[in-house]
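# Analysis of the macromolecular model
The primary structure of each chain is shown beneath.
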Amino acid sequence: MMVARLEVKNLSKHFLGVQALQDVSFDLHAGQVLALIGENGAGKSTLIRILSGAHQPDSGEVTINGNPVQIHSPKDSEAHGIATVYQELNLFPDLSVAENLVFGAYPGKGVIDWKAAKREARDFLGSLGLNVDVNRKVRELSVAEKQMLEIAKSLHRNAQVLILDEPTAVLGGEDVDHLLELVHGLKERGISIIFVSHRLEEVFGLADRYIVLKDGKLTGAGRISETSHDDLVSKMVGREFTRGEREVNATLGETVLEVRHLTREGVLNDISFDVRAGEVVGVAGLRGAGRTELARAIYGADTYTSGEVLLKGKSLKAGNPLKAIDAGLGLVPEERKTQGLFTSLSTAMNIPLVSMLKDRRTSVSPGRDRRLAARYAQTLRIKLSDVSAPVATLSGGNQQKVVLAKWLEAGVDVLILDEPTRGIDIGAKQEIYELIHELCRRGLAIIVISSELPEVLALSHRILVMYHGEVAAELEGAVATEEEIMFHAVGGK
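Keep in mind the model is a prediction, meaning the values are calculated, not measured. (Residues numbered from 1 in each chain as written. Predicted model: local features only at pLDDT ≥ 70, side-chain atom pairs only at ≥ 80, totals over all residues. Heavy atoms only, no water.)

### Observations regarding the environment of Asn90
Stated formally: The secondary structure listing takes helices from DSSP runs of H or I that are at least 4 residues long and strands from runs of E that are at least 2 residues long, numbered from the N terminus. The contact rule is simple, with two residues in contact once any of their heavy atoms fall within 4.5 Å.
With respect to the helices and strands, Asn90 occurs in the loop between β6 (82–85) and α3 (97–102). Each C-alpha atom of the pair Asn90 and Asn100 lies 9.5 Å from the other, and the pair is 10 residues apart in sequence. Excluding residues that lie within four positions of it along the chain, Asn90 makes contacts with Glu150 and Lys153.

Below is the structure:
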């Protein structure tokens, strides 16, 4: 029997009385992809940080090629051939692609032959199938190119075990496909990969085996070919998972939002549609199709060249979010951490912010705000230890619930959700879906923009498919298929 390249035996770790990992064991062989699955807070990050040298286990053992190793630091991890690519990429934005790739590869050398280094970088990236100009500054690269450069940097340092922490969370469309192709190629070269993702369709298309963590314990392991989507979700959430049917509200209300011939030169072209009370209109399309730009134009964050947005029959002033808020329109942005929340402030301070803006209120009442936050924490099932703790301490799903609470407290008739479940675990996704259905039943008009086609199909009464800044097709949600959406998303006629 072949010796495992990486073996973890009975690994345990606790923090301040909280058991983050408990007797976790698994192995990983050369050329295998192991899916590491679990909700936020399940112990995945703790396990990754132990293998990368950021944390030390309380007990247990790690072996590389059958030999026990001690990983006391990231340098030790690298020396043992382990590399970790986190969601927050570790690149120098003002250095070139070549400089980033070879950075740290020439320890102790006072002079570097940069001409040779660039040639080496070009050849190495080419061997991975990456066509990137090695002279470009990293800040000029797309998110997908930065992600692939980070992976290439790890492999350039001879990593044999590659840990990819949610590598596709910030990607969409073709970028995801390119990244997964790269991972397939690495697998064929014998690289061992631990792949962390909440997108189970990626897991089934890529992984050989899986392990599931819940509350720091191993709740499932095996071959990916011998399990199913629903079985994995049940192991993640600790209860039997039942797939909800598409919810189609048969009694829609009056038209609430009207978009008429909305055009922004070079970005949006003559877009028109309506949304009725109690209706979810999904917006699908590949990255760059204009989905987020449409949301920002409707909300007033971006101006537009021509056209009109009407809410309850009244025209909204272009490029004026405050007027949109006053009229009852809200936007949950794609980048919740930088555009939807003040992460250094508490949940209690975040939730009242939009209502304060709407009411032109300048004073705060800490006691009232804490009670308000506690009420939303209960009704939206926001998991937190203290409403006064910074929002940054919450998981992605709970942060998203705080953003939603902010708009619900302000009172909205129309809510635009841009990638509402990006980076959120399966359990929290289901809760967000249930909340969207409940808001529909209350009569809100909702626009859902998502890169995940199953999500668009599960939520939408109607689906607008965008292509190059235009609405290429309008489909009935009850009968639309992923294949039909993708056909129009890539320009099919």
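Following the structure, the description resumes.
### Structural notes on the sheet that holds strand β9 (residues 209–214)
Here is the rule we go by: Think of it this way: DSSP has to see at least two bridges between two strands before they count as a pair. Every axis in this analysis is a line fitted to C-alpha atoms, fitted for helices over the stretch in contact. Angles between the N-to-C directions lie between 0 and 180 degrees.
Within the open sheet, the six strands sit side by side as β6-β7-β8-β3-β9-β10. Their pairing is mixed. Of all strands in the sheet, those with a lone pairing partner are β6 and β10 (217–223), marking the two edges. When strand polarity is set aside, the average angle formed by the axes of neighbouring strands in this sheet is 15°. Looking at chain direction, strand β3 (residues 33–37) and strand β8 (residues 192–196) are connected through four bridges and run parallel. If you follow Val33 over to β8, its bridge partner there is Ile193. Packing of helix α5 (residues 143–156) onto the sheet brings it into contact with β6 and β7 (161–165), and relative to β6 it is tilted by some 170°. Seen against the sheet, helix α6 (residues 174–188) touches β3, β7 and β8 and runs at an angle of roughly 150° to β8.

### Some thoughts on the packing of aromatic side chains
Operational definition: Centres within 6.5 Å are what make two rings of Phe, Tyr or Trp a pair, Trp counting through its six-membered ring; a difference in plane orientation under 30 degrees is then read as stacked, over 60 as edge-to-face, and the rest as tilted. Throughout this description, buried means an accessible area under 20% of the type-specific maximum (1.4 Å probe, protein chains only), exposed means over 50%, and partly exposed covers the range between. In this scheme, the term charge over a ring applies when either NZ of a lysine or CZ of an arginine sits within 6 Å of the ring centre and within 35 degrees of the ring normal.
Evaluation of the coordinates by the stated rule reveals one aromatic pair. Between Tyr299 and Trp407, the aromatic rings sit 6.2 Å apart at their centres with planes inclined by 85°, giving edge-to-face as the arrangement. Of the two residues, Tyr299 sits in helix α9 (residues 291–299) while Trp407 sits in helix α15 (residues 396–410), which places them 108 residues apart along the sequence. By relative accessible area, Tyr299 is classed as buried at 12%. Accessibility expressed as a relative area gives 3% for Trp407, which makes it buried. Taking the ring centre of Tyr376 as reference, the NZ or CZ of Arg375 above it sits at 5.0 Å.

### Digging into the packing of helix α4 (residues 114–127) against α5
Defined as follows: Roughly parallel means an angle under 35 degrees; roughly antiparallel means over 145; roughly perpendicular covers 65 to 115; every other angle is labelled oblique. By the convention adopted, Pro, Cys, Tyr, Trp, Phe, Met, Ile, Leu, Val and Ala count as nonpolar, Lys, Arg, Asp and Glu as charged, and the other residues, Gly among them, as polar.
Here α4 crosses α5 at 105°, and the two axes come no closer than 11 Å. Here α4 is positioned roughly perpendicular relative to α5, judged by the angle of their axes. Contact residues: Glu120, Phe124 and Leu125 in α4; Ala152, Leu155 and His156 in α5. Each residue belonging to the contact of α4 with α5 can be placed in one class, and the counts come to four nonpolar, one polar and one charged.

### Observations regarding the environment of Gly423
Locating Gly423 in the fold gives a position in the loop between β17 (414–418) and α16 (426–441). The exposure class assigned to Gly423 is partly exposed, which follows from its relative accessible area of 31%. A sequence separation of 305 residues divides Gly423 from Lys118, and the C-alpha atoms of the two residues are 35 Å apart.

### What to know about the side chain of Gln147
By the element assignment, Gln147 lies in helix α5. Judged by relative accessible area, which is 3%, Gln147 ranks as buried. For Gln147, the residues in contact, after removing those within four places along its chain, are Val85, Tyr86, Leu89, Pro167 and Leu179.

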